[in-house]
Amino acid sequence: MANKAKFQAIRGTRDLLPPETALWNRVEQTAHAVFATYGYGEIRPPILEQKELFSRSIGAETDVVAKEMYIFGDPRLTRLERLRGTVKAEGATFWPSDVNSVDLFSMAVGKFVTALDELLNAEESESYDREQFVRRSVDLNQELAKFAQLASQGLPSEFQPQLTKSKERVETILGFFELGESLALRPEATASVCRAYIEHNMQQLPQPVKLYYMGPMFRRERPQKGRYRQFYQIGAEILGGPDAPAIDAELIEMLMTFFAKLGLEGATLDINSIGHAADNCRRGYVAKLREELIKVKDKLGADSQRRIETNPLRVLDSKLEHEQAIIATLPRIADHLCDECKAHYAAVKHDLDLRGVAYHENWRLVRGLDYYMRTTFEITARGLGSQNAVCGGGRYDGLVELLGGPPTKGIGFAIGEDRLILSLQESGKGAAPQGRDVYIAWMGEKTYATAIRAAKSLRDAGFSVELPPVEQKFGKALERASKLGARHALILGENEVASGEWTLKTLGDGSQQKLAEQALLEYLQKL
Ligand code: HAM
């Protein structure tokens, strides 16, 4: 019997279905429209990137990189890793006086070398350092030749120590190949956009470059309402040009305009400045914060205790009830910003005032990714429970440089589209069921050709039309029309086709009228 195991979407992922997808489309179309009015162009980076891109930009110690990233190996490297394992196993039982053992070892290395050659000949090196691999391959082949030369001497005892040495050198060289997991599903897209900026020399375009994106991101978090392992972001980034506070303010204004256009209720903007990485600014503050935290360490939970060492700023994020009173007494970054960062922050707030954008200052807003500096912000919305951040963003001058590009200013945000949709639905802004404009009830074989033509011309005019594939009795047709939420039924019997006067029934009130083809189209268009 065939295996009838049922498949389900993987935990933390889900199918987006109609009618809900209509709301997703409305949200995305609104983003395209609003962002275009601010001069942004769309970028569609790949979902798959080098793991290193994220660990370097987001930070190796952050939760996103250390715990939540979906990483995997290039299958060709995984194969090499397996072959290296065989060499290791043969090496463990290697005996220089035993022909069989020497053969097995050199055969295992031979297989590795063949697979390595295949890899290098394929010329694709997105998942490994090709130059380094080529150099090591030369070393390996040389050493393997030496080994074979020694082994061909018939294994006399005076050559055995040399043979063992050579075997060990082969193992050492093999050990140098980095064959681990090098690819990742993107957990966010800021790093990808910066990579693309560098890769396509966008610094030669008029600056700043304003880009936006939408698409799936992946983080292995514990799924709950508003938190998924595959989730969707709509984000925007401004790269290059000056770090004028007006840039920060306009980006935020665009965001709030977008939310307003969607009718999102109760969106609250929190802003902060986390300064820059210098002793007279954030570094100094973090040292001070750590000092204070150490004094109250015993009263903190395990997570916060750990963070005193790894990332004291993140303690400010804590939602634990009993830590709140302690956190309220901690030193605040606003009192420790350098003069430039302080002035920048004041100017951003002033510019937001000019634009009529309301905000709350939140000194505890620190964000969970390492690349931020100066302006940070988050937006919360209603109806989301504990996962109430619909958007996060901030400035990240220096990130492009960190990824090997020229010194470049940067700022951006990403909206959690799943959460935005949830919040819109909770406030009754969900999509109405799709329905149909017209259901064509055709009866009698001779009417079928007319029904096809009617469907085509109505669809050309932009109406949604349901044309049943098989003939139905009148009552049955009307029943289905109302089940599908059709607004009208176009009744085509043989009489209608012969006279050219079609019957249009309005399902809402049951009224009926006779109209010629053209008049019918005009009537519907007027509605
Ligand atoms: P983020 O704060 O990690 O920032 O994510 C931004 C938003 O994505 C969050 O506020 C949330 O709405 C949504 N989000 C994050 N994780 C999940 C999840 N597991 N399930 C559902 N929604 C989620 C970034 O990603 C930065 N790249 C934003 C940015 C752009 N900063 C500068 N430019």
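Keep in mind the model is a prediction, meaning the values are calculated, not measured.

Novice: Just checking my understanding: could you explain helix α19 (residues 517-526) for this structure?
Specialist: Quick reminder: α-helices carry 3.6 residues per turn. Residues three or four places apart thus point the same way. Looking only at α19, the buried set comprises L520, L521 and L524. Angular distribution of buried residues about the axis of α19 spans 100 degrees; they occupy a single face of the element.

Novice: Help me understand the state of the cysteines, please; the structure alone is not making it clear to me.
Specialist: Two cysteines whose sulfur atoms are joined by a covalent bond form what is called a disulfide. Here the structure, examined in full by the defined rule, presents zero disulfides. C281 carries a free sulfur, and the closest cysteine sulfur to it, the one in C338, is 3.8 Å from it. Using a relative accessible area of 2% as the deciding quantity, one classes C281 as buried. In this structure C391 is a free cysteine whose sulfur lies 16 Å from that of C194, the closest cysteine sulfur available.

Novice: It is not clear to me how the layout of surface pockets should be interpreted in this structure. Could you clarify?
Specialist: Empty space left among the atoms is revealed by rolling a probe the size of a water molecule over them. In this structure, the second largest pocket spans a volume of roughly 340 Å³. Lining the second largest pocket are 18 residues, with R282, V286, N311, L313 and D370 positioned closest to its centre. In terms of residue count, the dominant contributor to the lining of the second largest pocket is helix α10 (residues 282-295) (four residues). Grouping the constituent residues of the lining of the second largest pocket by class yields eight nonpolar, four polar and six charged.

Novice: What's the story with the packing of aromatic side chains in this structure? I'm lost.
Specialist: Aromatic rings in a pair are described by how distant their centres are and how their planes are angled relative to each other. Counted under the stated rule, the structure contains 15 aromatic pairs. The interplanar angle of 75 degrees and the centroid separation of 6.1 Å between the aromatic rings of F35 and F413 together place this pair among those described as edge-to-face. Highlighted residues: F35 in helix α1 (residues 20-37) and F413 in strand β11 (residues 410-416), separated in sequence by 378 residues. No difference in accessibility class separates F35 from F413, as the two residues are buried. Here the aromatic cluster, defined as three or more aromatic residues joined through ring pairs, consists of F35, Y40, Y212, F258, F259 and F413. Here R14 stacks its cationic end above the ring of Y228, 3.8 Å away from the centre of that ring.

Novice: Is there a simple way to explain the packing of helix α16 (residues 448-460) against α19 in this structure?
Specialist: When two helices pack together, their arrangement is given by the angle between their axes and by how far apart the axes lie. Where α16 contacts α19, the axes come no closer than 11 Å and their chain directions differ by 35 degrees. At the point where α16 passes α19, the crossing takes the right-handed sense. Counting all contacts with α16, which are made through R453, S457 and L458, the residues of α19 involved are E517, L520, L521 and L524. Taken together, the residues of the contact of α16 with α19 sort by class into four nonpolar, one polar and two charged.

Novice: How do you make sense of the sheet that holds strand β12 (residues 436-442) when you look at a structure like this?
Specialist: Across a sheet, paired strands are connected by hydrogen bonds in the backbone, their directions being either parallel or antiparallel. Strand order in the open sheet formed by five strands is β13-β12-β14-β15-β16, and the pairing between neighbours is mixed. Each end of this open sheet is capped by a strand with a single partner; those strands are β13 (465-466) and β16 (512-516). Pairing analysis gives two bridges linking β12 to β13, with the strands arranged parallel. Across the sheet, residue V438 finds its bridge partner in β13, namely V465.

Novice: Could you clarify how one ought to interpret α16 in this entry?
Specialist: With 13 residues, α16 ought to run about 18 Å at 1.5 Å a step, and its terminal C-alpha atoms sit 18 Å apart, in line with that. Within the sequence span of α16, burial applies to T450, A451, A454, A455 and L458. Down the axis of α16, the buried set is contained in an arc of 135 degrees. They therefore lie on one face. Turned more than 90 degrees off the buried face of α16, the exposed positions are A449, K456 and D460. Taken together, the buried residues of α16 touch β12, β13, β14 (486-492), α18 (494-499), β15 (501-506) and α19. Positive phi appears at G462, one or two residues downstream of α16, with a value of about 100 degrees.

Novice: Any chance you could explain the site of the ligand here in plain terms?
Specialist: Around the ligand sit 26 residues in total, of which E188, E221, E237, Y372 and A389 are the nearest. Between the ligand and G412, the relevant distance is 3.5 Å, taken from a nitrogen atom to a main-chain nitrogen or oxygen of the residue. Separating a nitrogen atom of the ligand from a backbone N or O atom of F413 is a distance of 3.3 Å. Bound to the protein, the ligand loses 95% of the 660 Å² it would expose on its own. Looking at the shell around the ligand, the elements that each hand over two or more residues are β6 (230-239), β10 (389-395) and β11. Looking at the shell around the ligand element by element, the count peaks at six residues for β10. Partitioned by chemical class, the residues of the shell around the ligand number 11 nonpolar, eight polar and seven charged.

Novice: Looking at this structure, I do not really get the pairing of β15. What am I missing?
Specialist: Counting buried positions along β15 yields five of six residues, so the element is predominantly enclosed. Alignment of β14 against β15, held across four bridges, turns out to be antiparallel. Counterpart to H488 in the pairing with β15 is T506. Where β15 folds back on β16, the antiparallel hairpin that results is connected by five residues, among which G510 adopts a positive phi of roughly 80 degrees.

Novice: Sorry, what's going on with the packing of helix α2 (residues 51-58) against helix α8 (residues 190-199) here?
Specialist: The contact between α2 and α8 brings their axes to 9 Å, and the two run at 105 degrees. It follows that α2 is roughly perpendicular to α8 by the angle criterion. Of α8, the residues touching α2 (which contributes L53, F54 and S57) are A191, S192 and R195. Across the contact of α2 with α8, the residue classes tally to three nonpolar, two polar and one charged.

Calculation criteria
Residues numbered from 1 in each chain as written. Predicted model: local features only at pLDDT ≥ 70, side-chain atom pairs only at ≥ 80, totals over all residues. Heavy atoms only, no water. Buried < 20%, exposed > 50% of the residue type's maximum accessible area, 1.4 Å probe, protein only. Helix = DSSP H or I, 4+ residues; strand = E, 2+ residues; numbered from the N terminus. Arc of directions from axis to C-beta. Disulfide = S-S within 2.5 Å. 1 Å grid on protein atoms, 1.4 Å probe; cavity = no way out; pocket = protein on both sides within 12 Å on 5 of 7 lines; lining within 4 Å. Points joined across faces, edges and corners; volume = space filled by probe spheres on them. Nonpolar A, V, L, I, M, F, W, Y, C, P; charged D, E, K, R; others polar. Phe/Tyr/Trp six-rings, centres within 6.5 Å; stacked < 30°, edge-to-face > 60°. Lys NZ or Arg CZ within 6 Å of the ring centre and 35° of its normal. Axes fitted to C-alpha atoms, helices over the stretch in contact; angles between N-to-C directions. Left-handed = near helix turned anticlockwise from the far one by under 90°. Contact = heavy atoms within 4.5 Å. Pairing = 2+ DSSP bridges. Expected span 1.5 Å × (residues − 1). Near = heavy atom within 4 Å. Polar contact = N/O pair within 3.5 Å; in protein donor to acceptor, adjacent residues only side chain to side chain. Areas by Shrake-Rupley, 256 points an atom, 1.4 Å probe, with all protein chains shown as cover. Parallel < 35°, antiparallel > 145°, perpendicular 65-115°, else oblique.

Geometry only, nothing functional implied.
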